[in-house]
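For reference, the chains in residue letters:
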Amino acid sequence: MSREDAEQSPDSVSGEAVCPYRGFASFRKEDAQWFFGRERELAELLTRLEERMHTGGAVAVAGPAGSGKSSLLAAGLLPEIASGALPGADGWAVVSLVPGTHPLTALAGGLARLTGAEAVELAGALARDPEVGAARVRDAVGPEAGGNRRCLVVVDQLEELFSPVSDREEGHTFVHALSALAEPGRNGQPPAALVVFGMSTAYMGRWAEFPQVSTALRDAVLLGPLTETGMREVIARPAQAVGLDIEPGLVELLLSDLLGGSPDARLQLLQAALLSTWARRRGRSLTVEAYRATGGITGVLAVSAEQAFAGLRLEEQEAARLLFLRLIRVGEDIQPTRRRVARDVLVPAGSTEATAVVDKFIRQRILTQDGEWLEIAHEALLFCWPRLRAWLDADPAGNRLRQEVEDAAVAWMRDDRDPQALYRGQRLAQSLSWAAGVPEPYDLSVLAVEFLRVSATRAGPHTAWLRRGLVAGLIAVVAAGFTAALVLLLGLLPAFHGWWSVGGFFMLWALVAAAVLLTARRTSSARREPSRLQPPARTGGDAVSRRTRDFVSGLLDVWQLSNAHSGPGRRTSLLRGEAPPSRDRALLNVEAALDGACARLGRLPERSAHGPGDQSNGVERCD
C-alpha cells in the first residue's frame, strides 16, 4: 500500500496493521473500539437520559466546533445504548439525523421506518399537531404495539436550523415535534422517544428563539477542551488496541505542540497528526521521526491541503480557490466558519475540473461529503493553511457578498421562486456591480446567476417607474419655486405695466415647459441599453442625475430673459420700473432667448421668419 493510499483512509489495512485514528473525520459507530478520552462526558449523558425516561424532556450535548460532539454521539452513545448500558433501553430503535434544509422531512423519514406510515403523511401529522404525531409513534413502538420499546432520536448539528437556506418555519415545527416526542403522554404514558440534541456553543445566544432547546441547554452535557489525561488516552489507548508501539518521547512532543494552538481545535489536530504519523510509521512503531516528517501539529492540515492543491492542473487550482471560498461562511464581526453546501449547487453540471477538485480533496480528507452535502473537514484548516487565509483576506467584502447572493438564491428556489425574495434597489445594484467583475463558471453557482438575472429583469419596470416619479417630483418642486418667484416679480412691477406683467407670466411659463420637454427628449435619446449585469437601479440614479443637471441648466438659460428684453446697448432691468419694449420687440427678444436656451439643451427648434443673419431686430443672442 502506498503512503498516499494510507493517508486517504484511516481504515486502511497493511498486513495486520489497522489505523485506529480518524484524522479530521468524526468517529462512527463502528469505530467505538478506538474512541477514548470522553468517558466522563459519556457517563454524564447516560445519566441524563435515564432521568428523562421518566420525566421527559430532551438532553443537549453542547461544545465548540471540533470538541468531538458528533463522535461522542455516534461512537460513544449509540454503541452504549446497543450494549444495554441504559437500563430498560434494550432493543430500542434509533433515529439519527442532521437537520439539513428540511429538518421535519428528515425526522419523518426516520420515524416512518418505525411506524410503517408514509413519511409524507407522518410529516403532515407532526406539522398539524405534534402531540398527535407523537402519539402515533408511541402507539407504534410502545406497549400498545405488544412490547415495551421506545426509540432514541439523536439530532446532531442542531445549529443548522440557523442556516440562511433553512426554512425557519419548518425549523420551529421540527423542534415542536421533537419536544412532543420527548414529553410524557396526556394520560401519563412515558415519552415516545428519548431525544438528544448535539449543538455548537457558537450559537448559544440565539437559542432563545426555540424555548424547548433553551430548556434542554440549562442541563446540558458540555464538552470542553480535553484534559492532558484525556489527550494521553486518545494517543495511547487506540494504539494499544491494535498492537502499535509508541516511541518514548512522542506523547510528550505531541502534547507540547498542542499547547501552542487553540484548545478547541486540539482534539481534531491531534487526530490528524496521529493519522499522518501512522502513515509514516516504522513497522509497528509510531516514531518521533515519523511525526516530525508530518510537519507537526500545525503543519498537518496545511501540508495535506497544499500537497493536494499542488497536484492540480492550473485550471483546477482556480476552481479549487473558488470552491473553497464558497464553502466558508464569513461575516464582519465573526471569525470565518465552515459552510455546508449541496454538491449539485457547488459543482456546476458537466464541470470536469470542479468534479476532479472535489473528489481529490475528499480523498485527502480535506473535504467531507455527507449525502448531498459537502463541507471542509475542520475549522482549523481556515487558519493554518496560508493559501486559504490569503484567499479570504484578498477580498473580504466580495466573499461576504458572494455568500449573501448564494444564500438568497437558495432561499428563492426553496420558496418556489417567490418574486418577493428577489433582490431590488441598492442591494441589487451592489450585487450586480460585483457579479459583473467575477470569473465564471465557479465563482457564482448557476442558481445564483439566474437569481440575479431574474432580479434585474423584474426590477427594470419598477426602476423606470421610480425614475419617472423622481423626475416628476423634482419638476413639481422647481415649478412651485419658479411660480413663487414670478408672483413676487409681478407684484413689484408698476400697475400701468399690468398688460405686460400678465403676458410675461404666461410667456415665461411656456419657456419653462419647453425647457422641461426638450430636456426629457434629450436624456431619453441618450439613454444607454443596460449590459447583462449592469445594475438597473444605479442606471436609473444616473439618469435622474443627468436629467437634473440638464433641466437646471435649461432654467438658467431661460432665466436670462430678464436681461434680453431690449437689443444691444439697450438692456433694461424690469425691476427699475423703466418702460418695457414694444410687444413685437419683446416677442422677438423672447424667441431669440428661447432659441439660445434650446441650443444649449442640444436640440434647435424651427426657425421663425427672422433668421440668424437678420440683424434688423436688434436682438443680442444669449449663447
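Above: the structure in question.
Cut-offs and rules
Residues numbered from 1 in each chain as written. Predicted model: local features only at pLDDT ≥ 70, side-chain atom pairs only at ≥ 80, totals over all residues. Heavy atoms only, no water. Core = buried A, V, L, I, M, F, W, Y, C linked by side-chain atoms within 4.5 Å. Buried < 20%, exposed > 50% of the residue type's maximum accessible area, 1.4 Å probe, protein only. Helix = DSSP H or I, 4+ residues; strand = E, 2+ residues; numbered from the N terminus. Contact = heavy atoms within 4.5 Å. Phe/Tyr/Trp six-rings, centres within 6.5 Å; stacked < 30°, edge-to-face > 60°. Pairing = 2+ DSSP bridges. 1 Å grid on protein atoms, 1.4 Å probe; cavity = no way out; pocket = protein on both sides within 12 Å on 5 of 7 lines; lining within 4 Å. Points joined across faces, edges and corners; volume = space filled by probe spheres on them. Nonpolar A, V, L, I, M, F, W, Y, C, P; charged D, E, K, R; others polar. Axes fitted to C-alpha atoms, helices over the stretch in contact; angles between N-to-C directions. Parallel < 35°, antiparallel > 145°, perpendicular 65-115°, else oblique. Left-handed = near helix turned anticlockwise from the far one by under 90°. Salt bridge = Lys/Arg side-chain N within 4 Å of Asp/Glu carboxyl O.

**Re the nonpolar core**
Line of reasoning, step 1. If you look at the biggest cluster of nonpolar residues, it comprises 90 residues, and the most contacted ones within it are Leu 45, Leu 77, Leu 254, Phe 324, Phe 361, Leu 381 and Trp 385.
Line of reasoning, step 2. Per-element tally for this core: the top contributor is helix H11 (residues 266–279), with 9 residues.
Line of reasoning, step 3. Residues contacting Leu 381, with those up to four places away along its chain left out, are Leu 301, Ala 305, Phe 324, Ile 366, Ile 376 and Leu 388.
Line of reasoning, step 4. In terms of nonpolar packing, the next biggest core, distinct from the first, is built from 39 residues, Leu 111, Ala 177, Val 195 and Trp 207 among them.

**Quick notes on the packing of aromatic side chains**
Line of reasoning, step 1. All told, the structure shown has 11 aromatic pairs when counted by the stated rule.
Line of reasoning, step 2. When the centroid spacing of 4.6 Å and the interplanar angle of 55 degrees are considered together, the rings of Phe 162 and Trp 207 count as tilted. In this pair, Phe 162 is assigned in the loop between strand S5 (151–155) and helix H7 (168–182) and Trp 207 in the loop between strand S6 (193–200) and helix H8 (211–217), connecting sequence segments 45 residues apart. Considered together, Phe 162 and Trp 207 belong to a single accessibility category, that of buried residues.
Line of reasoning, step 3. The interplanar angle of 85 degrees and the centroid separation of 4.9 Å between the aromatic rings of Phe 324 and Phe 361 together place this pair among those described as edge-to-face. With Phe 324 in helix H14 (residues 314–326) and Phe 361 in helix H16 (residues 352–363), the pair connects residues that are 37 residues apart, well separated along the chain.
Line of reasoning, step 4. Note on Phe 361: relative accessible area 0%, which makes it buried.
Line of reasoning, step 5. Taken together, the aromatic side chains of Phe 309, Phe 324, Phe 361, Trp 385 and Trp 391 make up a single cluster linked through ring pairs.

**Considering the pairing of strand S14 (residues 373–376)**
Line of reasoning, step 1. Residues Trp 373 and Glu 375 point to one face of S14 and Leu 374 and Ile 376 to the other, with burial holding for every one of them.
Line of reasoning, step 2. The pairing of strand S12 (residues 341–342) with S14 spans 2 bridges and is antiparallel. Of the residues in S14, the one forming a bridge with Val 341 is Leu 374.

**Some points on empty space enclosed by the protein**
Line of reasoning, step 1. Summed over all chains, the structure comprises 8 cavities of 30 Å³ or more.
Line of reasoning, step 2. Here the largest cavity defines a volume of roughly 200 Å³.
Line of reasoning, step 3. Lining the largest cavity are 16 residues, with Ala 272, Ser 276, Val 300, Ser 304 and Gln 364 positioned closest to its centre.
Line of reasoning, step 4. Contributing elements (two or more residues each) for the lining of the largest cavity: H11 and helix H13 (296–310).
Line of reasoning, step 5. Per-element tally for the lining of the largest cavity: the top contributor is H13, with 4 residues.
Line of reasoning, step 6. Among the residues making up the lining of the largest cavity, the classes are represented as 6 nonpolar, 6 polar and 4 charged.
Line of reasoning, step 7. Reported here for the second largest cavity is a volume of approximately 110 Å³.
Line of reasoning, step 8. In terms of lining, the second largest cavity is formed by 13 residues, of which the most central are Phe 27, Phe 35, Phe 36, Leu 267 and Gln 271.

**With respect to the layout of surface pockets**
Line of reasoning, step 1. What the second largest pocket holds in volume is close to 560 Å³.
Line of reasoning, step 2. Lining the second largest pocket are 26 residues; nearest its centre among them are Gly 100, Thr 101, Ala 342, Glu 372 and Trp 373.
Line of reasoning, step 3. Contributing elements (two or more residues each) for the lining of the second largest pocket: S12, helix H15 (343–346) and helix H19 (396–414).

**A few points about the environment of Thr 287**
Line of reasoning, step 1. Tracing the backbone shows Thr 287 in the loop between strand S9 (285–286) and helix H12 (288–293).
Line of reasoning, step 2. Here the alpha-carbon distance between Thr 287 and Leu 250, two residues 37 residues apart in the chain, equals 6.6 Å.
Line of reasoning, step 3. Once residues within four sequence positions are removed from consideration, Thr 287 is found in contact with Glu 247, Leu 250, Thr 277 and Arg 282.

**Brief notes about the packing of H14 against H16**
Line of reasoning, step 1. The N-to-C vectors of H14 and H16 enclose an angle of 70 degrees; their axes lie 9 Å apart at closest approach. Relative to H16, the element H14 is oriented roughly perpendicular. At the point where H14 passes H16, the crossing takes the right-handed sense. Seen from H14, the contacting residues are Glu 315, Glu 316, Ala 319, Ala 320, Leu 323 and Phe 324; seen from H16, they are Glu 353, Ala 354, Ala 356, Val 357, Val 358 and Phe 361.

**Some thoughts on the sheet that holds strand S4 (residues 93–97)**
Line of reasoning, step 1. What the 5 strands build is an open sheet, ordered S4-S5-S6-S3-S7; its pairing is parallel. In the strand order of this sheet, the two ends are held by S4 and strand S7 (221–222), each with one partner.
Line of reasoning, step 2. As paired elements, S4 and S5 share 5 bridges and run parallel to each other. When the sheet's bridge partners are listed, Val 94 is paired in S5 with Leu 152.

**Considerations on the pairing of S5**
Line of reasoning, step 1. Most of S5 is tucked away, with 5 of its 5 residues classed as buried.
Line of reasoning, step 2. Residues Cys 151, Val 153 and Val 155 line one face of S5 and the alternating positions Leu 152 and Val 154 line the opposite face, and both faces are buried.
Line of reasoning, step 3. As judged from the 5 bridges shared by S5 and S6, these two strands associate in the parallel manner. Considered in S6, the bridge of Val 153 is made with Val 195.

**Re helix H5 (residues 119–128)**
Line of reasoning, step 1. If you check which residues of H5 are buried, you get Leu 122, Ala 123, Gly 124, Ala 125 and Leu 126.
Line of reasoning, step 2. In the core, the buried residues of H5 are packed alongside helix H4 (103–115), helix H6 (130–141) and H7.

**Some points on unusual backbone geometry**
Line of reasoning, step 1. One non-glycine residue, Gln 157, lies in the positive phi region at around 55 degrees.
Line of reasoning, step 2. For Gln 157, the position within the fold is in the loop between S5 and H7.
Line of reasoning, step 3. In the Ramachandran plot, Arg 417 falls in the positive-phi region, its phi being about 60 degrees despite a non-glycine side chain.
Line of reasoning, step 4. One can find Arg 417 in the loop between H19 and helix H20 (425–435).

**Observations regarding the pattern of salt bridges**
Line of reasoning, step 1. With the rule as written, the count across this model stands at 28 salt bridges.
Line of reasoning, step 2. Arg 340 is the salt-bridge partner of Glu 160, the closest N and O atoms lying 2.1 Å from each other. Pair noted here: Glu 160 is in the loop between S5 and H7 and Arg 340 is in the loop between strand S11 (337–338) and S12, with a separation of 180 residues, a long-range link.
Line of reasoning, step 3. Classification of Glu 160 as buried rests on a relative accessible area of 10%.
Line of reasoning, step 4. Across the pair Arg 414 and Asp 415 runs a salt bridge, and its minimum N-O distance is 3.5 Å.
Line of reasoning, step 5. Look at Arg 414 and you get partly exposed, because its relative accessible area is 22%.
Line of reasoning, step 6. One continuous salt-bridge network, built from bridges that share partners, spans Arg 38, Arg 40, Glu 41, Glu 44, Arg 48, Glu 51, Arg 52 and Asp 219.

**Concerning the environment of Arg 40**
Line of reasoning, step 1. Positionally, Arg 40 belongs in helix H2 (residues 39–55).
Line of reasoning, step 2. Classification of Arg 40 by relative accessible area gives exposed; the value is 56%.
Line of reasoning, step 3. Separated by 190 residues in sequence, Arg 40 and Gly 230 have C-alpha atoms that sit 9.9 Å apart.

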